[in-house]
Amino acid sequence: MASGRNTKGESQASSIWGGRFEAGPSQIMEEINASIDFDRRLYRQDIAASKAHCEMLVRQGIIAPEDGDAILGGLDQVLSEIENGDFEFKATLEDIHMNVEGRLAELIGEAAGRLHTARSRNDQVATDFKLWVRDTIDQLDGGLRSFQSALITAAEAHAATIMPGYTHLQTAQPVTVGHHLLAYVEMAGRDRSRFGDCRARLNENPLGSGALAGTSLPIDRQATSEALGFDRPAANSLDAVSDRDFAIEFLAAAAITATHLSRLAEEMVIWASEPFRIITLSDAFSTGSSMLPQKRNPDAAELVRAKTGRIFGTLMGLLTVMKGLPLAYSKDMQEDKQPVFETADALNLCLAAMTGMIADLRVDEDRMRVAAAAGGSNAVDVADWLVKNLDMPFREAHHATGNLVKLAEKKSCPLEDLELADFHSIEPGITDDIYSVLGLEESVASRVSYGGTAPANVAGACAEARRRFLDGGG
């Protein structure tokens, strides 16, 4: 029986790993070792970093200018071939780095071998991956900004639309739809800030760290840092090639963002359900049933909830990969990219879906008003009236109001339908002025404290949110 060696890959193995190996890997080794199926997504970053590295090598006199020109021209052609769909990715070349270099050698010959001077795939992949995560953060920031814009626009339209506010999913107090939506604007603002912090921390350049110890050649790491938009070179070569904090932090920020999207998605599912029916999702973000002709299912919102769970999994997966690795690089770290790619794709899709659902959201103002009036949602207004008008300690006012709620329940009526004599039976000092605070409009209008739900507050908060988050005034 054959030895299991893939003799077809023998010469490729030698070109990648050098003279240390006499034979190529087995087919199984090729399959487990190759990452080109997923890390091909790094091609733009890989070529950009290679060009910056090449230009630095020429300026430092490490390679000849004519070789540098040939390399740069060849890299431009490789980029064009990939973007035009004319590039053949080869699993035998393992990853995007060797696929680019291999094609470069086909195009320009021996000069291609000079490109890898003073670098290793260890610092190369760390550089490419950081550049990709940085680009993705910028893209996600745009998506989060669009999400905020849709929320603010809807909040402006519903600054005075009354809805039930919940705690424990029980009716608590009336609020406005605009106030509720602005809560998610704040969450998205923190999400953008977290991604921004991640971007700032990752923006140190690993290139030039070599395999783990740096290089004896007179490279200029500041030059490549400036060329690639990094703030500075990474200070320690061991850390530079083995650091994946930036990927973990990206996944953590993504998990929190997805949590916020999932909470809103859950509310949409609840609000659109038959017992509530206070919103309707548009046809663009709903599906029907293959059996039940009456159904309108909030599938887009449900899938946002589900994808959030998968995003959580990618974070835990990468933490588990990294937790036991000694310095510096280990092949385990090849498993860092798929979770990040998957999360970026899922989060971009969830953001687009939630932005679309908010933009198309239809609010049933009448049903919202009925729901807001249910469950004694104006009870705290009675307690506040007792505090302000009778100088009653809040705990005492709370107790008296609880008795009034109990009385209203016995009479099967809302608080505002109690007779003044009913109020007197609990607290003789109550006057007919109590009725002035029991309406829904009066209730929400009274919440004028900073950050409160009064419609005037909400209108002002919308304008301020536009300034902070959309107009660059943060």
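Attention here is on the structure that accompanies the text. A quick note: this is a predicted structure, and the numbers were derived from the prediction, not measured. (Residues numbered from 1 in each chain as written. Predicted model: local features only at pLDDT ≥ 70, side-chain atom pairs only at ≥ 80, totals over all residues. Heavy atoms only, no water.)

Moving on to the overall build of the chain. The helix and strand inventory of the chain stands at 19 helices and six strands. Relative to the globule expectation of 23 Å for 474 residues, the C-alpha radius of gyration of the chain, 31 Å, shows a markedly less compact shape. Principal-axis analysis of the C-alpha atoms places the extent of the chain at approximately 100 × 55 × 40 Å. Contacts spanning at least 24 positions in sequence make up 72% of the contacts within the chain whose residues lie at least 6 apart. Accessible surface, the chain as shown: approximately 22500 Å² in total, 51% of it carbon and sulfur. Where the 46 positive side-chain charges of the chain centre and where its 69 negative ones centre are 2 Å apart. (Helix = DSSP H or I, 4+ residues; strand = E, 2+ residues; numbered from the N terminus. Rg over C-alpha atoms; globule rule 2.2 N^0.38 Å. Contact = heavy atoms within 4.5 Å. Areas by Shrake-Rupley, 256 points an atom, 1.4 Å probe, with all protein chains shown as cover. Lys, Arg positive; Asp, Glu negative; His and termini not counted. Charge placed at Lys NZ, Arg CZ, Asp CG, Glu CD.)

This next bit is on the pairing of strand β2 (residues 170-176). On any regular strand, side chains alternate: one points to one face of the sheet, the next to the other face. Where strand β1 (residues 162-167) meets β2, six bridges bridge the pair, whose relative direction is antiparallel. Across the sheet, the residue bridging to glycine 165 is glutamine 173, located in β2. (Pairing = 2+ DSSP bridges.)

Turning next to the packing of helix α7 (residues 121-157) against helix α8 (residues 177-202). Packing of α7 against α8 brings their axes to within 9 Å, and their N-to-C directions diverge by 165°. In terms of orientation, α7 lies roughly antiparallel with respect to α8. Two packed elements cross with a definite hand, and for α7 against α8 that hand is left-handed. (Axes fitted to C-alpha atoms, helices over the stretch in contact; angles between N-to-C directions. Parallel < 35°, antiparallel > 145°, perpendicular 65-115°, else oblique. Left-handed = near helix turned anticlockwise from the far one by under 90°.)

Here aspartate 135 lies in helix α7. Along the primary structure aspartate 135 and glycine 429 are separated by 294 residues, whereas in three dimensions their C-alpha atoms are 65 Å apart.

It is worth spelling out the packing of helix α4 (residues 43-59) against α7 at this point. One can describe the packing of α4 onto α7 by two numbers: an axis separation of 9 Å at closest approach and a directional angle of 120°. Judged on the interaxial angle alone, α7 and α4 are oblique. As for the relative orientation of α4 and α7, their crossing is right-handed in sense. Residues Gln45, Asp46, Ala49 and Ser50 of α4 lie in contact with α7, whose contacting residues are Gln124, Thr127, Asp128, Leu131, Trp132 and Asp135. Counted by class, the contact of α4 with α7 contains three nonpolar, four polar and three charged residues. (Nonpolar A, V, L, I, M, F, W, Y, C, P; charged D, E, K, R; others polar.)

Another point: the packing of aromatic side chains. As enumerated under the stated definition, the model contains seven aromatic pairs in all. Look at phenylalanine 87 and phenylalanine 89: their rings are 4.8 Å apart centre to centre, the planes differ by 55°, and that puts the pair in the tilted class. On the basis of an interplanar angle of 65° and a centroid distance of 4.7 Å, the ring pair of tryptophan 132 and phenylalanine 341 is categorised as edge-to-face. One end of the pair, tryptophan 132, is in helix α7; the other, phenylalanine 341, is in helix α13 (residues 337-360), with 209 residues separating them in the sequence. Owing to a relative accessible area of 8%, tryptophan 132 belongs among the buried residues under this scheme. Connected via pairs of aromatic rings, a cluster forms that spans Phe129, Trp132, Phe246 and Phe341. Over the ring of phenylalanine 129 we find lysine 337; its NZ or CZ atom is 5.6 Å from the centre of that ring. (Phe/Tyr/Trp six-rings, centres within 6.5 Å; stacked < 30°, edge-to-face > 60°. Buried < 20%, exposed > 50% of the residue type's maximum accessible area, 1.4 Å probe, protein only. Lys NZ or Arg CZ within 6 Å of the ring centre and 35° of its normal.)

Its place among the elements puts asparagine 203 in the loop between α8 and β3 (204-205). A relative accessible area of 3% means that asparagine 203 is categorised as buried. Sequence-distant contacts of asparagine 203, that is, excluding residues within four places in its chain, are made with Arg134, Gly229, Phe230, Asp231 and Arg232.

Let us now look at the nonpolar core. With 94 residues, the main nonpolar core has Phe250 and Met268 as its most contacted residues. With 16 residues, helix α11 (residues 245-272) is the single largest residue contributor to this core. Those residues in contact with methionine 268, other than ones at most four positions away along the chain, are Ile279, Leu281, Ala301, Met354, Met357, Ile358 and Leu361. (Core = buried A, V, L, I, M, F, W, Y, C linked by side-chain atoms within 4.5 Å.)

Moving on to unusual backbone geometry. Glycine aside, residues mostly have negative phi, and peptide bonds are mostly found in the trans state. The residue after leucine 327, namely alanine 328, is reached through a cis peptide bond having omega 5°. Of note, the phi angle at histidine 168 is positive, near 55°, even though the residue is not glycine. Considering the arrangement of structural elements, one finds histidine 168 in the loop between β1 and β2. Its identity as a non-glycine residue notwithstanding, serine 412 has a phi of 55°, on the positive side. Of note, serine 412 is situated in the loop between α16 (394-411) and α17 (420-426). Serine 412 sits in the exposed class, given a relative accessible area of 67%.

The next thing to look at is a nonpolar patch on the surface. On the surface, a nonpolar cluster with roughly 280 Å² of combined accessible area is contributed by Leu212, Leu238 and Leu327. Note on placement: leucine 238 falls in helix α10 (residues 237-242). (Patch = residues over 30% accessible without salt bridge, like charges linked within 9 Å, V, L, I, M, F, W, Y side chains within 5 Å. Salt bridge = Lys/Arg side-chain N within 4 Å of Asp/Glu carboxyl O.)

What follows covers the state of the cysteines. Going through the model one piece at a time under the given rule, you end up with zero disulfides. Distance from the sulfur of cysteine 198, which forms no disulfide, to the nearest cysteine sulfur (cysteine 350) is 19 Å. The class for cysteine 198 is buried, based on a relative accessible area of 0%. (Disulfide = S-S within 2.5 Å.)

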